[in-house]
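Descriptive structure summary
Residue strings, one per chain:
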Amino acid sequence: MNHRNTRPIKIVIGAMGGEGGGLLTQWMADLCESQNFEVRYTYVPGVAQRTGATTYYLEAWPAFSDHNTNQSMVCALMPCPGDVDLLLSTEAVEAGRALQAGFITRSRTTVISSSHRAYAVAEKIAPGDARIDPEFLLKTVATHCQRLVQFDMAACAAAAGSIINAVLFGAVAGAGVLPFSRQAFIATIQRSSTVAAPNLAGFDLGYAMASDESKDLPGAITAAKSTRSKPTAQALAAMEDMFPPDIHDLLRMTMERLVDYQDDTYAKLYLDRLQTVLEVDRANGGKSRDYTLTRETGRWLARLMTYDDIIRVADLKTRRQRFIRLREEVSAFEHQVVHVADYLKPGLEEFVSILSPKLAKWVRSFSARTGFGVNGFPIKIKTSTVSGFLALRIIAGLRSRRTRSSRYLKEQATIEDWLAQLLGAARRDYGLALEVAACAGLIKGYGQTHLHSAGRFRAILEKIPKADADTLRRLREAAQEPRL
Amino acid sequence: MAERSFSKEVQSLRKGEGEVFRGEGVLAVTKALLQSRVSYIGGYQGSPISHMMDVLNDAAEIRRELGVHFENAASEAAAAAMLAASIHYPLRGAVTWKSTVGTNVAADALANVASAGVRGGVLIIVGEDYGEGSSIMQERTHAFAAKSQIWLLDPRPDLPAIVDAVETGFELSEATNTPVMLMLRIRTCHVYGSFVSKDNRPGHYNAHHPLEQAVFDYNKVVLPPSSYQQEQLKITERWPEALRFISENKLNQSLPGDYVDIGIIVQGGIYNALNRALETLDLADAVGNSKIPIYVLTVTYPLIPEEIRTFCIDKKAVLVIEEGQPNYIEQSIKATLHGTDIHTRIHGKDLLPAAGEYKARILLNGVTEFLHHAAPAGINLATMKSAQQQVTQEITDSQTALGFPVPARPPGFCVGCPERPLFSALKLVQRELGEFHISGDIGCHLFSTLPPFNIGQHTVGYGLGLASSSGLAPNFAKPLISIMGDGGFWHNGLTSGVANAVFNGDNGVLIIIDNGYAAATGHQAIPSTDQARSGRSVQMTIEKAVRGVGARWVRTVPSYNVKQMVTTLTEAITQSPPGLKIIISEGECQLARQRRVKRAHREALDCGARAQRVRLGIDPDVCTGDRACIRLSGCPSLTVKDNPDPLAEGPVTVIDDQCVGCGNCGVIAHQAGLCPSFFEATIINNPSWLERVISHVRRRVIGTLHASEPRGR
Ligand code: SF4
């Protein structure tokens, strides 16, 4: 064979630390060696292979060199942009990273990548939704490589009980990009581990997905369908009479939420409030604006009216659905016993606020005198025990008295105030009214977080009469910066 | 036991004459040492040579048989000092560490050994932590070699070449009475390949055949007048002898090529990448047959003037490829040719970047530039250029296609890391008391400087966290907080930090992170490592050590107890008695712990015994999507998913399957008063009958209560 005309096969593996990219590299090396290829690989582990992105690089060459001559392959030790034949990636953004490094090019590179996402810290901590869409990413990759094989390998691995590398290894075999038989791949897995069975299952899935034997992803674990309380047909019909069809879908959702939170009467109150907005909206050309103001206000109003209090938390934490979902979420099987403990830290104010205004006043002054409960009550309540469950259930049961609590009165006053500002603004400037609506998003969280955010909200409400849409938006955005 | 076990791989260290050895670079170096009659080896862990320390530890039996002493030195200085063994006696020895940081620490001993000269061969193996994946300042080891006159080897990154460099390195060292340094880049340390073994050979003297006679020779003591004489010897004897040895044994290679009027001089370690660049230009093949003559420097210090002149004499232009700066080699080559009648144009940093790693693409550009400048006879530059342009265009297309940079994924604290709660506590304390100046140190804990913590204003060296506060503290209104890992503490922090601060009456707060290992480098044992886990006969405690050097205010706080940590920190910062206040933050490295726990869990499951695991979860309908939990704890297991609430915008937090159930995120939620969405689930496998009955009853009762739920919730 003529050395000059033989290129090594160049493979880059883009993985995340702790995922076992090294193992996949070893598999690839073992596979190539078993098929009489000479192999070099290397990697840059960084700080002892902690969580960062890691690149492995492998070159394989048909073995016709032997150790008696000085001439054996000269491995570059690092991928050269424009020169990579096969790029394997265990996650979508890692494929994007390889693209940006120039390791993926149209005339040369086959890319085999998982389509799932593991979010980077920057995506997780940014306010709002900063997640990068894997679909867009992989579409871009597709137009810049020779061939792209992609599917959700994490889901396959979970279904097979294997590591993700086994699925990816299977995909390499299934895609038929290396001149080796399926059997050769399987033999590699068998050689490497005593617990080969789950990895072989993962391999098979990967193989099937990549070779088009199957296009259906293994059924993802579907969340238990919620059986929330629903608004009555009558109430829904009334709503449909009152509001333009464009916003019926939204209102069905919000009404369901209000009924689930409190009751039918509360949902009625919601619709009544929104109707005043609709009228003003109509009077100010709302029709031509697709009733944006009514829609946006409807969204925020529903959230304001279903404010989070300990009744709500206790309610959510004791629902039947929750117990089912929870076992799924921690991957517990039926034969296993599961204990659940909830981390709660209600502040004194949260207890007090569900009392009647009179009682609330008394407790507050008691606390002010004695310092009782000023730091809140951090508790770890065992919700899976009968007593723990009952305790929460009793709090959840206070729902029927919610409308008599001091917190309720305060929240409603805030809402009325906000609505009044909103209506006033709508008469002046439609855009300003939309900004006022969005201010409702400032109110967030529980306990202290809630108190602070509500304070910021009220401070902004006061400025509305003199503000224009732009100023208000700036104020709102500044107030949105997270404190922690 | 270290993070990675090489117990299987070390068996290949037993391979004999003619057998093919397969493995990674550092393993090959270890094998080469055993083939080279070494009597002692020492070192200090650090990427990229950490695995070499692990391999040597795991190869205890083979070492014993060959009588090779191995020392996990307390620092690079201690390792380098071992080389004193070879000054008077015909003992071969090798030491290893991460460079340049380790070489900085070792420099004192190295300079002394180099001055005195050695009788037994000495090899200093440095892992050159430069370029991608490096965790230190970017510098070259070259300067150390030159200043102390230590020969520097930079072999081609192929196993046979590396093994050869080890073996000839010892010969060179003995022939010239000079220590030899072997430099291995990161990727070279980890390169997988093969070579043909030789038999292992024991040292002439070792534990089995100890030296009997002590030697006294004042000429070897580094004091006047010996020190003056030693400097003369370097120039009059050792240097010329080195030139002779290197050229006679052809340590550097001159590779022929068709285009004889140009040439390339390259460091051995870069040769492979250069070949790939030439291959891309169709100027070389995959096995290294090049059309351009290449002079490969296996020895980068000293250079051999005669060889350089011979290589350059009939060439109009030569490119010097030398990674890093300053460009010592290029300067030296220019000086060598200066004043001779050789008028070759020497290119180097004028065509290649002055700083930074020489990756394949950079070399490709540099070589292309060079060809245009040199215009060698016979190369059609125009066709070469257009072929290149097409590829370049494709690459640029790819690189710019996304239109935004993908988010960086730097290494960070692991799932369940015991250091994270400490930094959460610091964040909470700063929320109350304002920002502090916090001096960082070297170790995993330096990840605190990244989001979401952004804690730690500077770091100036291993174990120097506390010492680095002593200039600023007296000039700063608030007390300074210094961080130190247990690794850095034993490396030198006890003396340069704690003893220094006590002696000078410094004020401030020192947090020593005791996670039980040199964790960042792969869980090598340190003096305070639990005896049962280090397999050693001693365990020294940090608390006793600091009290021993006079520290009075010392508190040990379990790191996961955020509340206690916040209180203790606040106390240390605000309490009046001046002086050093030390908080030992204790929590075993979770990676190490999980290896044990998971094994035990698996074993229990295999034999059907009761086994429980704990993990945390988040109720998505309670979660506000605020993600303060992620910003405060930063556990990688905390991630995001779509909000189940269609009215809400932005994702909610979710805990994924990696969770090890340390409970920290729940504790933080408590401590910082975050949302009540966290829950802890204890999952019990093979529960006892009593547990089963109780659980059954509970589920029945709760089930009945659920049945009475209003409208089927
Ligand atoms: S309990 Fe929380 S902090 Fe600990 S490992 Fe699980 S998710 Fe991470």
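On a predicted model such as this, the values are computed, not experimentally measured, just so you know.

1. Some details on the overall build of chain A
Secondary structure assignment for chain A yields 21 helices and eight strands. Relative to the compact-globule value of 23 Å for 484 residues, chain A shows a C-alpha radius of gyration of 30 Å, a clear excess of over 25%. Expressed as lengths along the three principal axes of its C-alpha atoms, the size of chain A is roughly 95 × 55 × 45 Å. At a minimum sequence separation of 6, the contacts of chain A that also span at least 24 residues come to 72%. Of note, chain A has its 61 positive side-chain charges centred 7 Å away from the centre of its 51 negative side-chain charges.

2. So, the overall build of chain B
Within chain B, the secondary structure is distributed over 24 helices and 23 strands. Structurally, chain B occupies a C-alpha span of about 100 × 70 × 60 Å along its principal axes. The buried share among the 713 residues of chain B stands at 58%. If you take every contact in chain B between residues at least 6 apart in sequence, the share linking residues at least 24 apart comes to 77%.

3. Quick look at the site of the ligand
Around the ligand sit 13 residues, and of these C635, C659, C662, G663 and C665 of chain B come closest. In the shell around the ligand, the residues fall into eight nonpolar, five polar and no charged.

4. Section: the nonpolar core
Residue and element names in this part refer to chain B. Core analysis: the largest hydrophobic core is formed by 114 residues, its most contacted members being L33 and I124. Ignoring any residue separated from it by four or fewer positions in sequence, one finds L33 in contact with V38, I41, M52, A94, L123, I125, V166 and F170. The next biggest cluster of nonpolar side chains, apart from the first, holds 57 residues, and it includes L422, F423, V557 and C665.

5. Observations regarding unusual backbone geometry
Here the amide bond leading from P224 of chain B into P225 of chain B is cis, since omega sits at 0°, within 30 degrees of zero. With respect to the element layout, P225 of chain B can be found in the loop between β8 (192-196) and α10 (226-248). Cis geometry marks the peptide bond from Y301 of chain B to P302 of chain B, where omega comes out at 0°. Along the polypeptide, P302 of chain B turns up in the loop between β12 (299-301) and α12 (305-312). One non-glycine residue with positive phi stands out, namely S331 of chain A, at about 50°. Residue placement: S331 of chain A occurs in the loop between α14 (320-329) and β7 (337-344). Phi angles above zero are rare outside glycine, and N686 of chain B is one such case at about 45°.

6. Here's the deal with the domain arrangement of chain B
One widely used convention gives an interface's size as the accessible area the parts lose upon coming together. Residue and element names in this part refer to chain B. Looking at chain B, the domain boundaries give domain 1 (17-196 + 214-248), domain 2 (253-400), domain 3 (419-592) and domain 4 (610-712). Summarising the inter-unit geometry, the C-alpha centres of domain 1 and domain 2 are found 29 Å apart. In this complex, domain 1 contributes 26 residues to the contact, which on the side of domain 2 involves 30 residues. Across the domain 1/domain 2 interface, buried area totals approximately 2,300 Å², and carbon plus sulfur atoms make up 55% of it.

7. A word on the interface of chain A and chain B
Each partner contributes to the interface: chain A provides 129 residues, whereas chain B provides 136 residues. Roughly 11,400 Å² is buried in total at the junction of chain A and chain B, and carbon and sulfur atoms are behind 56% of that figure. One can count 14 salt bridges joining chain A with chain B. The salt bridge partner of R325 of chain A is D621 of chain B, with a shortest N-O separation of 3.6 Å. Counting every contact that joins chain A to chain B gives 52 residue pairs in polar contact (both at pLDDT 80 or more).

8. Remarks on the confidence of the model for chain A
For chain A, per-residue confidence averages 87 on the pLDDT scale, and residues scoring 70 or more make up 92% of the total. Throughout residues 219-225 of chain A the model reports pLDDT below 50, and contacts reaching past four residues in sequence, or to other chains, amount to seven contacts.

9. Remarks on a nonpolar patch on the surface
Residues W689, L690, V693, I694, V697 and V701 of chain B make up a contiguous nonpolar surface patch of roughly 550 Å² in combined accessible area. By relative accessible area, which is 38% here, I694 of chain B ends up partly exposed.

10. Here's the deal with α14 of chain A
When you tally the buried positions in α14 of chain A, you get seven out of ten residues, the bulk of the element. Among all positions of α14 of chain A, only Q321, R322, F323, R325, L326, R327 and E329 of chain A are buried.

11. So, the sheet that holds strand β20 (residues 611-618) of chain B
An order of β8(A)-β7(A)-β23(B)-β20(B) is seen for the four strands of this open sheet, with the pairing classed as antiparallel. Strands with a single pairing partner mark the edges of an open sheet, and in this sheet they are β8 (379-382) of chain A together with β20 of chain B. Geometrically, the sheet is characterised by an average inter-axis angle of 25° between neighbouring strands, direction not taken into account. Strands in contact with helix α21 (residues 590-606) of chain B are β20 and β23 (678-685) of chain B; relative to β20 of chain B, the strand with the most contacts, it is inclined by about 120°. On top of the sheet, helix α23 (residues 664-671) of chain B reaches β7 and β8 of chain A together with β20 and β23 of chain B; it is set at about 25° to β7 of chain A, its chief contact.

12. Re the domain arrangement of chain A
On domain assignment, one finds that chain A holds domain 1 (3-210) and domain 2 (310-404). Computed from C-alpha atoms alone, the centre-to-centre distance between domain 1 of chain A and domain 2 of chain A is 48 Å.

13. What about the environment of C623 of chain B?
All names here are of chain B. Relative to the assigned elements, C623 resides in the loop between β20 and α22 (628-633). With 30 residues separating them in the primary sequence, C623 and T653 have C-alpha atoms 7.0 Å apart. Residues within four places of C623 in sequence aside, it is in contact with I618, V652, T653, C675 and S677.

14. A short note on the pairing of β8 of chain B
All names here are of chain B. Burial of β8 is extensive: four of the five residues sit out of reach of the surface. Relative to β8, strand β1 (residues 20-24) runs antiparallel, the two sharing five bridges. Bridge pairing links V20 to V196 in β8.

15. Brief notes about the side chain of T188 of chain A
Residues and elements named next belong to chain A. In this structure, T188 sits in helix α7 (residues 182-192). For T188, the side chain forms a polar contact with the side chain of D30, separated by 3.3 Å. Among residues more than four places away in sequence, those in contact with T188 are W27, D30, L31 and F169.

16. Topic: the pattern of salt bridges
This structure, assessed with the given rule, holds 68 salt bridges over all chains. Notably, a salt bridge pairs R312 of chain A with D260 of chain A, separated by 3.4 Å at the nearest N-O pair. Within this pair, whereas R312 of chain A is found in helix α13 (residues 310-317), its partner D260 of chain A is found in helix α10 (residues 248-261), the two being separated by 52 residues in sequence. Of the two residues examined, R312 of chain A and D260 of chain A, each falls in the buried class. A single network of salt bridges, built from pairs that share partners, joins R7, K10, E59, D83, D85 and R108 of chain A together with R276 and E279 of chain B.

17. Focus: the packing of helix α19 (residues 430-439) of chain A against helix α21 (residues 469-480) of chain A
Residue and element names in this part refer to chain A. With their axes 8 Å apart at the nearest point, α19 and α21 run at an angle of 15° to one another. Judged by the angle between their axes, α19 and α21 are roughly parallel. In terms of crossing hand, the pair formed by α19 and α21 is left-handed. For the pair α19 and α21, the contacting residues are G431, L432, E435, V436, A438 and C439 in the first and A469, L472, R473 and R476 in the second.

18. Digging into the sheet that holds strand β15 (residues 438-439) of chain B
Residue and element names in this part refer to chain B. Across the sheet, which stays open at both edges, the five strands sit in the order β15-β16-β17-β19-β18 with parallel pairing between neighbours. Of all the strands in the sheet, the pair left with one neighbour each is β15 and β18 (553-558). Note that strand β17 (residues 508-514) and strand β19 (residues 580-586) share seven bridges and pair parallel. Paired with I511 across the bridge in β19 is I583. Along the sheet, helix α17 (residues 486-504) contacts β16 (481-485), β17 and β19; its crossing angle with β16, the most-contacted strand, is approximately 145°. Sheet strands in contact with helix α20 (residues 562-574) are β16, β17, β18 and β19, and its direction is about 165° off that of β18.

19. A few points about the packing of helix α5 (residues 153-160) of chain A against helix α8 (residues 196-210) of chain A
All names here are of chain A. Relative to each other, α5 and α8 sit at 140°, their axes nearing to 8 Å. One way to sum up the angle between α5 and α8 is to call them oblique. The hand of the α5/α8 crossing is right-handed. Along its contact with α5, which presents C156, A159 and A160, the element α8 presents P198, A201, G202, L205 and M209. Of the residues in the contact of α5 with α8, the class split is seven nonpolar, one polar and no charged.

20. Quick notes on the packing of aromatic side chains
According to the stated counting rule, one finds 28 aromatic pairs over all chains in the structure shown. Pairing F323 of chain A with F389 of chain A gives two aromatic rings, centres 5.9 Å apart and planes at 65°, and the pair type is edge-to-face. One end of the pair, F323 of chain A, is in helix α14; the other, F389 of chain A, is in helix α17 (residues 386-397), with 66 residues separating them in the sequence. Both residues of the pair, F323 of chain A and F389 of chain A, count as buried. Measuring from centroid to centroid gives 5.9 Å for Y44 of chain B and Y462 of chain B, while their planes differ by 65°, and the two rings are edge-to-face. Of this pair, Y44 of chain B sits in the loop between β2 (38-43) and α2 (50-58) while Y462 of chain B sits in the loop between β15 and β16, and the two are 418 residues apart along the sequence. By relative accessible area, which is 23% here, Y462 of chain B ends up partly exposed. Through a chain of ring-to-ring contacts, three or more aromatic side chains come together here, namely W27, F169, F185, F203 and Y207 of chain A.

How each quantity is defined
Residues numbered from 1 in each chain as written. Chains lettered and ligands numbered in written order. Predicted model: local features only at pLDDT ≥ 70, side-chain atom pairs only at ≥ 80, totals over all residues. Heavy atoms only, no water. Helix = DSSP H or I, 4+ residues; strand = E, 2+ residues; numbered from the N terminus. Rg over C-alpha atoms; globule rule 2.2 N^0.38 Å. Contact = heavy atoms within 4.5 Å. Lys, Arg positive; Asp, Glu negative; His and termini not counted. Charge placed at Lys NZ, Arg CZ, Asp CG, Glu CD. Buried < 20%, exposed > 50% of the residue type's maximum accessible area, 1.4 Å probe, protein only. Near = heavy atom within 4 Å. Nonpolar A, V, L, I, M, F, W, Y, C, P; charged D, E, K, R; others polar. Core = buried A, V, L, I, M, F, W, Y, C linked by side-chain atoms within 4.5 Å. Domains from an automatic or database assignment. Buried area = accessible area lost by both parts, 1.4 Å probe. Salt bridge = Lys/Arg side-chain N within 4 Å of Asp/Glu carboxyl O. Polar contact = N/O pair within 3.5 Å; in protein donor to acceptor, adjacent residues only side chain to side chain. pLDDT = per-residue confidence, 0-100. Patch = residues over 30% accessible without salt bridge, like charges linked within 9 Å, V, L, I, M, F, W, Y side chains within 5 Å. Areas by Shrake-Rupley, 256 points an atom, 1.4 Å probe, with all protein chains shown as cover. Pairing = 2+ DSSP bridges. Axes fitted to C-alpha atoms, helices over the stretch in contact; angles between N-to-C directions. Parallel < 35°, antiparallel > 145°, perpendicular 65-115°, else oblique. Left-handed = near helix turned anticlockwise from the far one by under 90°. Phe/Tyr/Trp six-rings, centres within 6.5 Å; stacked < 30°, edge-to-face > 60°.

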